[in-house]
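Coordinates in review
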Amino acid sequence: MSADILRPSFARSQSCSGFPAPPVTFSPLNDDDDVMSSNEAVLELNDGSAFRGISFGAEEKSVAGECVFQTGMVGYTESLTDPSYEGQILVLTYPLIGNYGFESSRIHIAALVVGAYTEDYSHFLANSSLGAWLKENNVPAICGVDTRALTKKIREKGSMLARVLARKSDAPPRRLQPLIPESRSVSRSSSPPPSEDYIDVPWHDPNSDNLVAAVSLSAPRLFKPTGQPRFHPNGRVLRVVAVDVGMKYNQIRCFTKRGVELKVVPWNYDFINEAEPYDGLFISNGPGDPVTIMSTVKRIAQAMEKGNRPIFGICLGHQLLALAAGATTSKMKYGNRGHNIPCTHALSGRCYITSQNHGFQVDTNTLPQGWKELFRNANDGSNEGIYCEDKPFFSVQFHPESTPGPRDTEFLFDDFIRIVMDCVNANTLVPISFPGRSKEDNDQMFPSCQCPKSSCPWLRWIVHRAAGEFDYSGSQAIKALKEEGIYTILVNPNIATIATSKGLADKVYFLPVTPDFVRKIIKYEKPDGIYVTFGGQTALNVGIKLKDEFAALGVQVLGTPIETIITTEDRQLFAQAMEDIGERCAQSATATTPDEAAVAAREIGFPVIIRAAYALGGLGSGFAQDEAQLRALCSKAVCN
């Protein structure tokens, strides 16, 4: 079988740094097109396919590893420094990603793959580019790759072994030539040497290695509380021992800021015979196959058999706890790596959005008697947590401490510390318990809406260039409703949209989204439910104006409640709501003239963000560093 060479094309305009401008679409690159062969690189997969691009990381270095993709929209620096990515070639799928911080002392990925890259950076705290940082850490990176095609391939075939091949510095400049002759193919077990112009490396599966040994610290380290200390009844500070199998910085912060003293120990540390007293055991996240560190599994099993301290595990720690309990683990097709993965709590029935990074899973059907599932992935049904029925042992597959987020489940650290305190005060282990209502109580209080017919008022603002997201969200909502067998009605005055395509909605009303028309449609169609959150401001306004009529019309509002919409629309109410839950909110003010805006800006302090209400295309909104820029923006807002 001939090798499948995928050649993305680059926009012909280039920045002064020599990197291609971000491509809008990808199409085959002709073999006779000139490229900068000196910094050319290739991503080669073990199925025989290859993706050609441009190197912007470590020079003259080829690497091999497992190619995986990550769907997060923010936090690429956290991903690059996440020990769970040790030995992996990471593909970022989101087109524009921001950075926030670091999760360990070094970059752990084997290589980075992105669709487009720029040397320009604008964050006020930045002092180097991503490419420079990767070069400092000797990590290869390649851009100009069609990451959508690459991700589709991984989703269809599963995570694959891959190599990033760097071009030799002494290779003669030439026009683009096929990397692998058509008569040859690439296999996982063996492959012919690539073109002599590239630095060859052997194929390697990092999951066969003990990756934990490469990322764990080498000696114990003690972290003192940064928050109000919690004390043991004998007067010492409450202490938790954390087994570092690839620990992230924020897990340490989640303990110390809650007043706990944390002793972090290496993966092979004998915590069973720990000389110093401690009150709880924590097992961190980490990379690779959990069966590669069975010595740690045996110690965890001994700790559970001894039964004198609560245990909490995250990610790899979750898998190690399951193995210690007697369950089994298995490799997933392509894993779960992203920041928006829904998980359902088995005890409460609530769904939480989580951050994840793992390629192995716990096999729920192998849990022994006395153990139950705690969380389940709402997308693929895989296990996301377990707990012991009569002992305070539990773990989760996702990252409740994730940075930059979401942190919807960070309360699990509070639950664990509360359980530790309960056991300390009772001087014995007490069964696990979580605060809040049970699933039965929640189902009774918030019954699922059984809607055979749903009305979906929606509007695509054709006067706004950024209106495409309404078409996308509206069409996806209709598809989801139809998959559930729900009869769907769409209200949309614009015929030039995907949502109004034939066969999507069961019925379409090409009418303006106004209270009068929506009211008439409801009276005629008699739907059971209505969505007002898929049409931008116009649909939201209709929902607010009809909020007192929906009950009388026999319609239940689905999705975001109208009261919540009103709170978020009114900036004063929103600021008050944030203050009520202890969240800081940026100081703001309302102005109707440029002079009022200038006075407000001086009180707040420059720089300020200007948000113009009802301005065409968002004109008049932006950042103002001084009063001159402020008045310029205000002038645009008034004119539009």
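To be clear, the structure that these remarks concern was listed above.
Cut-offs used in this document
- Residues numbered from 1 in each chain as written.
- Predicted model: local features only at pLDDT ≥ 70, side-chain atom pairs only at ≥ 80, totals over all residues.
- Heavy atoms only, no water.
- Helix = DSSP H or I, 4+ residues; strand = E, 2+ residues; numbered from the N terminus.
- Buried < 20%, exposed > 50% of the residue type's maximum accessible area, 1.4 Å probe, protein only.
- Contact = heavy atoms within 4.5 Å.
- Phe/Tyr/Trp six-rings, centres within 6.5 Å; stacked < 30°, edge-to-face > 60°.
- Lys NZ or Arg CZ within 6 Å of the ring centre and 35° of its normal.
- Polar contact = N/O pair within 3.5 Å; in protein donor to acceptor, adjacent residues only side chain to side chain.
- Expected span 1.5 Å × (residues − 1).
- Arc of directions from axis to C-beta.

Examining the overall build of the protein
Within the protein one finds 16 helices and 25 strands. A total of 640 residues make up the protein; the buried ones form 49% of that total. Restricting the contact set of the protein to residue pairs at least 6 apart, pairs at least 24 apart contribute 68%.

Quick word on the packing of aromatic side chains
Following the criterion strictly, the structure yields 16 aromatic pairs and no others. Between Phe312 and Phe416, the ring centres sit 5.4 Å apart and the planes meet at 40°, which makes this aromatic pair tilted. With Phe312 in strand 13 (residues 311-314) and Phe416 in helix 8 (residues 411-426), this pair connects stretches of sequence that are 104 residues apart. Grouping residues by exposure puts Phe312 and Phe416 together as buried. Taken together, the ring pairs in this structure connect Phe255, Phe282, Phe312, Phe394, Phe413, Phe416 and Phe434 into an aromatic cluster. In this structure, Arg167 is placed above the aromatic ring of Tyr198, and the distance from its NZ or CZ to the ring centre is 5.9 Å. In this structure, Lys331 packs its charged tip against the face of Phe360, placed 5.5 Å from the ring centre.

Structural notes on the environment of Tyr278
Relative to the helices and strands, Tyr278 is located in the loop between strand 11 (261-265) and strand 12 (280-283). Among the residues examined, Tyr278 registers a relative accessible area of 7% and is labelled buried. Note: C-alpha distance between Tyr278 and Leu262 (16 residues apart in sequence) is 9.2 Å. In this view, Tyr278 contacts Arg236, Arg239, Val241, Phe271 and Arg309; residues no more than four positions away in its chain are not counted. In this structure the side chain of Tyr278 is engaged in a polar contact, spanning 2.9 Å, whose partner is the backbone oxygen of Phe271.

Regarding helix 6 (residues 294-306)
For helix 6, which comprises 13 residues, the first-to-last C-alpha distance of 18 Å matches the rise-based estimate of 18 Å (1.5 Å per residue) to within 8%. Restricting attention to buried positions, one finds in helix 6 the residues Thr296, Val297, Ile300, Ala303 and Met304. Mapping the buried residues of helix 6 onto a view down its axis gives an arc of 120°, with all of them on the same face. Exposed residues lying more than 90 degrees from the buried face of helix 6 are Lys298 and Glu305. For helix 6, the elements touching its buried residues are strand 10 (239-243), strand 12, strand 13, helix 7 (316-325), strand 16 (371-377) and strand 18 (393-396).

Quick look at helix 7
Counting buried positions along helix 7 yields 10 of 10 residues, so the element is predominantly enclosed. Along helix 7, the residues classified as buried are Leu316, Gly317, His318, Gln319, Leu320, Leu321, Ala322, Leu323, Ala324 and Ala325. Looking one or two residues beyond helix 7, the residue adopting positive phi is Gly326, at roughly 115°.

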